Amino acid sequence: MTRFLAAVLLLLLAVPAHADGFGRIAVGGNAVWLYGPDAEWPADVEASANLSASLSPHISVVGSAAYGFSHSYFRGDGGLRVTATDVENPNFNVYLGLRYRGGTIDAVQPNEWAPDAGFGWKPNPKEWPNIVVGADAGYGLDSQRVLTYVAVRYLLGGAR
């Protein structure tokens, strides 16, 4: 697990925040819920760091690392995302993805593949171009647990 989280953190640092048109790094907070068999906690609040790097207009490599405050855990994920909406609209997107996720406590284990879906939205791109609101839900193929979050993030390195 330590190697998995280290790999996610390295991925987050691999793309400079100022990489024009290629990558984005964001920091923020999540309200997170866990449902399913043997789910040890129903909700938590997290601090998170996120990375997305475009491979094509519709396909991105993504990664994230988060720390849960109430249950003292780290979790991370990495994978691919396909944008399902207009890629020319920088202020709203809906995506489908597949990520490998895991964490440091039993509730966010086992390390497993999880298909997910979500959205990102800039609610006021003129006044706050670096603020993104989003939500995501992923289903763990091994644990059969659903991890859902709502996030508020700040894009580093300028808005794009």
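**Structural notes on the overall build of the protein**
Then, number 1: Along the protein, the regular secondary structure elements total 1 helix and 8 strands.
Then, number 2: When the helices and strands of the protein are placed in sequence order, the string is α-β-β-β-β-β-β-β-β.
Then, number 3: Per-residue burial for the protein yields a buried fraction of 39% across its 160 residues.
Then, number 4: By sequence separation, contacts in the protein at least 24 residues apart represent 52% of the contacts at least 6 residues apart.
Then, number 5: Element-wise, carbon and sulfur atoms account for 64% of the exposed surface of the protein, whose accessible area totals about 8,200 Å².

**Section: a nonpolar patch on the surface**
Then, number 1: A cluster of nonpolar side chains, contributed by L55, I59, L80 and V82, occupies part of the molecular surface with about 340 Å² of accessible area.
Then, number 2: Relative to the assigned elements, I59 resides in strand β3 (residues 59-68).

**Things to note about the nonpolar core**
Then, number 1: Within the largest apolar cluster, 11 residues are counted, these being V32, L34, W41, Y73, Y95, I105, A107, V108, L147, Y149 and A151.
Then, number 2: Examining the composition of this core, we find that 3 residues originate from one element, strand β8 (residues 146-155), more than from any other.
Then, number 3: For A107, the contacting residues outside a window of four places in its chain are L34, E40, W41 and R145.

**Some remarks on the sheet that holds β3**
Then, number 1: Taking strand neighbours around the barrel as the criterion, the 8 strands line up as β1-β2-β3-β4-β5-β6-β7-β8 in a closed arrangement whose pairing is antiparallel. Strand-to-strand twist in this sheet, taken as the mean axis angle between neighbours without regard to direction, amounts to 30°.
Then, number 2: In this sheet, β3 lies alongside strand β2 (residues 43-54) in antiparallel orientation, the contact comprising 9 bridges. When the bridges of β3 are listed, E46 appears paired with G68.

**Description of the pattern of salt bridges**
Then, number 1: Counting across every chain of the model gives 6 salt bridges.
Then, number 2: A salt bridge links R75 to E46; the nearest nitrogen and oxygen atoms lie 2.7 Å apart. Taken together, the residues span a long stretch of sequence, with R75 in strand β4 (residues 73-83) and E46 in strand β2 at a distance of 29 residues. Each of the two residues, R75 as well as E46, counts as buried.
Then, number 3: Across the salt bridge formed by D136 and R99, the nearest N and O atoms sit 3.4 Å from each other. Of this pair, D136 sits in strand β7 (residues 131-139) while R99 sits in strand β5 (residues 92-103); the two residues are 37 residues apart in sequence, bridging distant segments of the chain. Of the two residues, D136 and R99, both sit in the buried class.
Then, number 4: Linked through salt bridges whose partners overlap, the residues forming this network are E46, R75, D77, R99, D116 and D136.

**Digging into the pairing of strand β6 (residues 112-121)**
Then, number 1: Side chains of β6 alternate between two faces, with E112, A114, D116, G118 and G120 buried and W113, P115, A117, F119 and W121 left unburied.
Then, number 2: Here β5 runs beside β6; their pairing, made up of 10 bridges, is antiparallel. Bridging across to β6, R101 finds its partner in E112.
Then, number 3: Where β6 meets β7, 6 bridges bridge the pair, whose relative direction is antiparallel. From the neighbouring strand, G120 faces β7, where its bridge partner is G134.

Reading the values: the criteria
- Residues numbered from 1 in each chain as written.
- Predicted model: local features only at pLDDT ≥ 70, side-chain atom pairs only at ≥ 80, totals over all residues.
- Heavy atoms only, no water.
- Helix = DSSP H or I, 4+ residues; strand = E, 2+ residues; numbered from the N terminus.
- Buried < 20%, exposed > 50% of the residue type's maximum accessible area, 1.4 Å probe, protein only.
- Contact = heavy atoms within 4.5 Å.
- Areas by Shrake-Rupley, 256 points an atom, 1.4 Å probe, with all protein chains shown as cover.
- Patch = residues over 30% accessible without salt bridge, like charges linked within 9 Å, V, L, I, M, F, W, Y side chains within 5 Å.
- Salt bridge = Lys/Arg side-chain N within 4 Å of Asp/Glu carboxyl O.
- Core = buried A, V, L, I, M, F, W, Y, C linked by side-chain atoms within 4.5 Å.
- Pairing = 2+ DSSP bridges.
- Axes fitted to C-alpha atoms, helices over the stretch in contact; angles between N-to-C directions.

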